[in-house]
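Structural description and commentary
The chain contents come next:
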Amino acid sequence: MRNVRRRRPSLLERASHGAERLEAHAFVLGLGVLAVVAVITYLSVIAINGVPLSNPYQVRVETPPDAPLLKDGDEVRIGGQRAGQVRGV
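Here is a short report on the structure shown in this document. (Residues numbered from 1 in each chain as written. Predicted model: local features only at pLDDT ≥ 70, side-chain atom pairs only at ≥ 80, totals over all residues. Heavy atoms only, no water.)

**Overview of the overall build of the protein chain**
Within the protein chain, the secondary structure is distributed over two helices and two strands. Beginning at the N terminus, the succession of helices and strands in the protein chain can be written as α-α-β-β. For 89 residues, the compact-globule estimate of 2.2 N^0.38 gives 12 Å, and the protein chain exceeds it by more than 25% at 29 Å. Counting across all 89 residues of the protein chain, residues that qualify as buried make up 2%. Carbon and sulfur atoms make up 60% of the accessible area of the protein chain, which amounts to about 9,100 Å² in all. Put simply, the protein chain has 12 plus and 8 minus side-chain charges, and the middle of one group is 23 Å from the middle of the other. (Helix = DSSP H or I, 4+ residues; strand = E, 2+ residues; numbered from the N terminus. Rg over C-alpha atoms; globule rule 2.2 N^0.38 Å. Buried < 20%, exposed > 50% of the residue type's maximum accessible area, 1.4 Å probe, protein only. Areas by Shrake-Rupley, 256 points an atom, 1.4 Å probe, with all protein chains shown as cover. Lys, Arg positive; Asp, Glu negative; His and termini not counted. Charge placed at Lys NZ, Arg CZ, Asp CG, Glu CD.)

Structure (structure tokens):
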């Protein structure tokens, strides 16, 4: 058996090969980045507004005369967690 010694590719050839592989997978990488951005956006909306398309419910409350004033748009919190907002006074 004869030993054949292969030539080691140069740095430029290796970089060129890496660029070709990147071009071949650019579409898949783009879809991956798009998916990650979509998930982050969805989680941000949930964190700010609650679960989208959920069925909100209405609560009527009578407050004592010395209670703090409520305004439209004020946040409603239960146990420190955002539960909704005041829609009318």
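**A word on the environment of Asn 3**
Residue placement: Asn 3 occurs in the segment before helix H1 (11-24). C-alpha of Asn 3 to C-alpha of Lys 71: the two residues are 68 residues apart in sequence and 86 Å apart in space.

**Some words on the pattern of salt bridges**
Opposite charge on two side chains permits pairing when their charged atoms draw close. Applying the stated criterion to the full structure yields one salt bridge. Among the salt bridges present, the one from Arg 77 reaches Glu 75, with a minimum N-O distance of 2.9 Å. For Arg 77, a relative accessible area of 48% gives the class partly exposed. Residue Glu 75 is classed as partly exposed on the basis of its relative accessible area of 45%. (Salt bridge = Lys/Arg side-chain N within 4 Å of Asp/Glu carboxyl O.)

**Looking at the pairing of strand E2 (residues 81-85)**
Consecutive side chains along a regular strand alternate between the two faces of the sheet. Where strand E1 (residues 75-78) and E2 come together, four bridges link them in antiparallel fashion. Among the inter-strand pairings, Arg 77 is bridged to a residue of E2, identified as Arg 82. Here E1 folds back onto E2, and the loop between the two strands holds two residues, one of which, Gly 79, carries a positive phi near 60°. (Pairing = 2+ DSSP bridges.)

By themselves, these are just geometric observations and shouldn't be taken as functional.
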